[in-house]
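Here's the letter readout for the chains.
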Amino acid sequence: MTLTIPGFDHVRLPGADGVELAAAVCGSGSPVVLLHGFPQTHLMWRHVAERLCDEHTVICPDLRGYGASDKPAATGPDVYAKRTMAADVVTLAAALGHERFALVGHDRGALVAFRAGLDHPETITHLGILDIVPTLDMWNVLHGVSAAVGYHLFLMAQPPGLPETMIAGSADAFFGSFLDTWANDPTVMPADVRAEYLRASAAAVTSIVADYRASADIDVAHDQADLDAGSQLAMPVTVVQQDWGAQLGYDAAEVWKAWAPDLDHRLTRAGHFMAEEAPDEIAAAIQGLLAR
C-alpha cells in the first residue's frame, strides 16, 4: 500500500506525452508546487506542506518514474530529460487550473524545477532550490577523490543494463545507504516512511536510472545551450543547501549567481533531507521566497 500525506487529496493528473502523475493536494490560495528528490516520493514534503497549506494551494506530485506516477520506458533520451519532466509539472498544474505558480524542488526535483524556470519563465513565478547546483555545474565541480561522494551519478550514467542489474540485485542496501548517510539525523524518517521510500524505489529502478542517465547526456546539452545563449532565471530564486562548496572546493553562491540574478542563497546545518530534518527552516525559506 502506498503511503501518502494524511489529510491531503490524492489525485492522478496528466503530465506531458500522455504520462499520468500522482499528486497530493491541499489548501487554497496562491499555488506552490513541491518536487521531491531521490530516493524519495512526494511524502518527503509532508511536514513543510502542512505548514504552507493555510495560505497556499500546495501540490506535491511524484515525478515521472517515481512513486505512484507513471514510469514510461526510456525509448529515447528525451523521455527522462528534465525538460520533459518540467513539462509534466506545467501540464499538471494547468490541469488544476494554475497557469502560473511557484515551484520548489529538492535534489532531482530541484533539477526539474531549475529546467522549468528556464523553459517556462512566464509560468514559474518564484523558484526554490534545495541542495543542488545545476546539472552542468554539478559535473564540473566533481573532480578527483572528492567526486566519490557522487559515485551513484557515475554508476547510473553507464549504458543500459549493468547499472539496473546491480541496483535491482541489492535495492534496499543501495537506496537505504543514501537514506542513512545523507541525513544528519536518520531518525527523522520514521520506520514506515523509510520503508515506503525503499519500496517505491525498488519498484522503479529502471526509471530512476533513466532519470540519472539523462543528467549525464541530454540535460547537460540543454544546460550548455542555455549557458551559451546567456539564459538566466527571470524570477526570484532562493537556494538552500549544505556547504558543498567548502567540501568540494567551489563557491556555490557564485555558481548560482551566474544563473539567478535575483538570488537569496542560504547555507543550512541540516543534512541533505532538510525538508524532513528542518521543516520549520525550509517552510520559512519558502514563505520568504513567496513574499519577494
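One structure accompanies this document, and this report is about it. Quick caveat: nothing in here was measured; it's all calculated off a predicted structure. (Residues numbered from 1 in each chain as written. Predicted model: local features only at pLDDT ≥ 70, side-chain atom pairs only at ≥ 80, totals over all residues. Heavy atoms only, no water.)

1. With respect to the pairing of strand S4 (residues 56-61)
Next, step 1: When you tally the buried positions in S4, you get six out of six residues, the bulk of the element.
Next, step 2: Here S4 shows a buried face lined by His 56, Val 58 and Cys 60 and a second buried face lined by Thr 57, Ile 59 and Pro 61.
Next, step 3: Alignment of strand S3 (residues 30-35) against S4, held across four bridges, turns out to be parallel. Its bridge partner being in S4, Ser 30 is matched across the sheet by His 56.
Next, step 4: In the classification by handedness, the crossover that spans S3, the intervening helix H1 (residues 46-52) and the parallel S4 is right-handed. (Buried < 20%, exposed > 50% of the residue type's maximum accessible area, 1.4 Å probe, protein only. Helix = DSSP H or I, 4+ residues; strand = E, 2+ residues; numbered from the N terminus. Pairing = 2+ DSSP bridges. Right-handed = clockwise from strand over helix to strand, strands pointing away.)

2. Remarks on the nonpolar core
Next, step 1: One finds Leu 34, Trp 45 and Leu 103 to be the most contacted residues of the largest nonpolar core, which totals 103 residues.
Next, step 2: Among all residues touching Leu 34, those that are not within four sequence positions of it are Trp 45, Ala 49, Leu 52, Val 58, Ile 59, Cys 60, Pro 61, Val 104 and Ile 286. (Core = buried A, V, L, I, M, F, W, Y, C linked by side-chain atoms within 4.5 Å. Contact = heavy atoms within 4.5 Å.)

3. Some words on the side chain of Gln 40
Next, step 1: One can find Gln 40 in the loop between S3 and H1.
Next, step 2: When near neighbours in sequence (up to four residues on either side) are disregarded, Gln 40 contacts Tyr 66, His 106, Met 189, Tyr 197, Phe 273 and Glu 276.

4. So, the packing of helix H6 (residues 162-169) against helix H7 (residues 171-181)
Next, step 1: In the contact formed by H6 and H7, the axes pass within 4 Å of each other and the chain directions differ by 90°. Accordingly, the angle class assigned to the pair H6 and H7 is roughly perpendicular. Seen from H6, the contacting residues are Ile 167, Ala 168 and Gly 169; seen from H7, they are Ala 171, Phe 174 and Phe 175.
Next, step 2: Classifying every residue of the contact of H6 with H7 gives five nonpolar, one polar and no charged. (Axes fitted to C-alpha atoms, helices over the stretch in contact; angles between N-to-C directions. Parallel < 35°, antiparallel > 145°, perpendicular 65-115°, else oblique. Nonpolar A, V, L, I, M, F, W, Y, C, P; charged D, E, K, R; others polar.)

5. Structural notes on the state of the cysteines
In a disulfide, the sulfur atoms of two cysteines are held together by a covalent bond.
Next, step 1: Under the definition given, this model contains one disulfide.
Next, step 2: With its sulfur 1.5 Å from that of its partner, Cys 26 forms a disulfide with Cys 53. Taken together, the positions of Cys 26 in strand S2 (residues 20-26) and Cys 53 in the loop between H1 and S4 put the pair 27 residues apart, joining distant regions of the chain. Neither Cys 26 nor Cys 53 differs from the other in exposure class; each is buried.
Next, step 3: In this model Cys 60 remains outside any disulfide bridge; the closest cysteine sulfur is found in Cys 26, 6.9 Å from its own. (Disulfide = S-S within 2.5 Å.)

6. Some thoughts on unusual backbone geometry
Next, step 1: Between Phe 38 and Pro 39 the backbone carries a cis peptide bond, its omega angle lying at -5°.
Next, step 2: One non-glycine residue, Asp 107, lies in the positive phi region at around 60°.
Next, step 3: Positionally, Asp 107 belongs in the loop between strand S5 (101-106) and helix H3 (108-119).
Next, step 4: On the basis of relative accessibility, which here comes to 9%, the residue Asp 107 falls in the buried class.

7. Some remarks on the sheet that holds S3
To summarise the sheet geometry, strands pair through backbone hydrogen bonds and adopt either a parallel or an antiparallel arrangement.
Next, step 1: Strand order across the open sheet formed by eight strands is S1-S2-S4-S3-S5-S6-S7-S8, with mixed pairing between neighbours. Strands at the two margins of the open sheet, each flanked by one partner only, are strand S1 (9-14) and strand S8 (263-267). The mean inter-strand angle of the sheet, taken between neighbouring strand axes irrespective of direction, is 20°.
Next, step 2: Alignment of S1 against S2, held across six bridges, turns out to be antiparallel.

8. Observations concerning the packing of helix H2 (residues 82-95) against H3
Next, step 1: Between H2 and H3, the least distance of the axes is 8 Å, while the angle of their chain directions is 80°. Classified by the angle their axes make, H2 and H3 are roughly perpendicular. The residues of H3 that touch H2, namely those facing Lys 82, Arg 83, Met 85, Ala 86 and Val 89, are Arg 108, Leu 111, Val 112, Arg 115, Ala 116 and Asp 119.
Next, step 2: Split by residue class, the contact of H2 with H3 holds six nonpolar, no polar and five charged.

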